Amino acid sequence: MKTPVVYLLCALLAAPLAQPAEIGALRGYSTDATRDERAWEAKFRAVPDPVNVRAYMQRLSARPHHVGSPYDKDNAEWILSKFKEWGLDAKIETFDVLFPTPQERALEMLEPTHFTAKIEEPTVSNDPTSSQHSEQLPVYNAYSIDGEVTAPLIYVNYGIPDDYEQLDRLGISVKGAIVIARYGGSWRGIKPKVAAEHGAIGCLIYSDPRDDGYSAGDTFPEGPFRPKDGAQRGSVMDMPVYPGDPLTPGVGATKNAKRLSLSEAATLTKIPVMPISYGDAEPLLAALKGPVAPALWRGGLPITYHVGPGPAKVHLKLKFNFDIKTIYDVIVTIPGAAYPDEWIIRGNHHDAWVNGAEDPVPARLP
């Protein structure tokens, strides 16, 4: 769940300071209009101060600020105060949404050897926020259903429809299996959706080092790429059905809104889903046999990638607290001079799965 905050904050504070000269008329603009537009864009890009951008990012990301956390509310109130300081018409509107958090998480390989996944990110010595474990959400995918399953494991590459067509050509069915897919190729929520449609009973998603790890570049803290024990949290709700709060489709999730029961929520996954690090994924993938994975399916781990099924058999258990949490939307209205009755809506979010600030404040800092 990403709480909207008007995009103006990000645009004013985080726009890049310089852009290469752009040649030619803009599509839909005359030559004169292009010149005027370029001039306004140059003025706009000259506004942000990188010192302010860095300070704002540090303030917003100083503590975990997921939905329902004290610091998320604090951030919303701080953002509101900044807008008012700048003389803008600003307010906070609240909504109450379904926001599940983990109660139980377990993943182990039972055959051919025993392995218990850590499913945990360690403290990094030069990142003080990484030690805030008591405030951080654990590694999980929001809007997965509860479930406990034990089954053979099958590697499905990115877990998109084309990959299942390739499995069909190999004569491999995922029916009754737990699949392991790597992040990439599509939005994460598509992976458990397609897996369930093909009969899988569980889904693991990991970040392969070829896509986000040491094959791509130096890992954190030496570089920006994902380290061995890093895992990508995030929503896996079935957004093609409908976006937003799963219990109030088509309407705002106000306190008095009519809500579906949890069993009626169509955007929860049909099978249990959990993200893991490539450190946890490597023993599982290394234990697979069956056909060698097609060339384009092979990642960056120091193993031969096999598809399976088995002999790796894994046990996955997930149980969630399906709570209603309050979100705080910072709303700013800037009346138009020429067309006051026409709206242009820009939005962003100020919450994060942990301490993140890159999505809401994609700044380029020196």
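It should be emphasised that the depicted structure is a prediction, and the values quoted were computed from it without experimental measurement.

### Some details on the pattern of salt bridges
In total, this model carries 15 salt bridges according to the counting rule given. Between aspartate 32 and arginine 35 there is a salt bridge, with its nearest N and O atoms 2.6 Å apart. On the criterion of helical spacing, the pair formed by aspartate 32 and arginine 35 is a turn pair, its members being three residues apart in helix α2 (residues 31–45). Note that lysine 118 and aspartate 229 form a salt bridge whose closest N and O atoms lie 3.1 Å from each other. Taken together, the residues lysine 118 in the loop between β3 (115–116) and β4 (141–142) and aspartate 229 in the loop between α7 (209–212) and β8 (234–235) connect sequence positions 111 residues apart. The network of salt bridges with common partners includes Lys193, Glu197 and Asp238.

### Digging into the nonpolar core
By size, the foremost hydrophobic cluster in this structure holds 68 residues, and its most contacted members are Leu107, Leu204, Tyr206 and Leu285. The greatest single-element share of this core, amounting to six residues, is contributed by strand β2 (residues 89–111). Excluding residues that lie within four positions of it along the chain, leucine 285 makes contacts with Tyr155, Ile180, Tyr206, Leu301, Ile303 and Tyr305. Counting 11 residues, the second largest nonpolar core, distinct from the first, contains Leu60, Ala76, Leu80 and Val330.

### Topic: the packing of aromatic side chains
This structure, assessed with the given rule, holds nine aromatic pairs. Arranged with centres 5.9 Å apart and planes meeting at 85°, the rings of phenylalanine 83 and tryptophan 86 form a pair that is edge-to-face. You can call phenylalanine 83 buried: its relative accessible area is 0%. When the centroid spacing of 5.6 Å and the interplanar angle of 80° are considered together, the rings of tyrosine 214 and tyrosine 278 count as edge-to-face. Of this pair, tyrosine 214 sits in the loop between α7 and β8 while tyrosine 278 is found in helix α8 (residues 278–286), placing the two residues 64 residues apart along the sequence. Relative accessible area serves as the criterion here: at 3%, tyrosine 278 is assigned to the buried category. An aromatic cluster of three or more residues is present, and its members are Phe99, Tyr140, Phe320, Phe322 and Trp353. The cationic tip of lysine 43 hangs over the ring face of tryptophan 40; the distance from NZ or CZ to the ring centre is 4.6 Å. One cation-aromatic arrangement involves arginine 182 over tyrosine 158; the distance from NZ or CZ to the ring centre is 4.2 Å.

Conventions we followed
Numbering of residues starts from 1 in each chain and follows the order in which that chain's sequence is written. Only residues with pLDDT of at least 70 get local features here, since the model is predicted, and only at 80 or more are side-chain atom pairs given and counted; chain-wide, interface and lining totals rely on the full set of residues. In computing side-chain values, all of the structure's heavy atoms are included and hydrogens and water are not. Salt bridges are defined by distance alone: a side-chain nitrogen of Lys or Arg within 4 Å of a carboxyl oxygen of Asp or Glu. Helix and strand definitions follow DSSP, with helices as H or I runs of at least four residues and strands as E runs of at least two, each counted in order from the N terminus. Put simply, a nonpolar core is a bunch of buried Ala, Val, Leu, Ile, Met, Phe, Trp, Tyr and Cys residues held in one set by side-chain atoms that sit within 4.5 Å of each other. For each residue, the accessible area found with a 1.4 Å probe, counting protein chains only, is set against the maximum for its type, and the residue is called buried under 20%, exposed over 50%, and partly exposed in between. By the convention used here, residues are in contact when the closest approach between their heavy atoms is within 4.5 Å. Pairing of aromatic rings covers Phe, Tyr and Trp, the last through its six-membered ring, and needs centres within 6.5 Å; plane angles under 30 degrees mean stacked, over 60 mean edge-to-face, and all others mean tilted. Should the NZ of a Lys or the CZ of an Arg lie within 6 Å of a ring centre and within 35 degrees of the ring normal, that charge is described as sitting over the ring.

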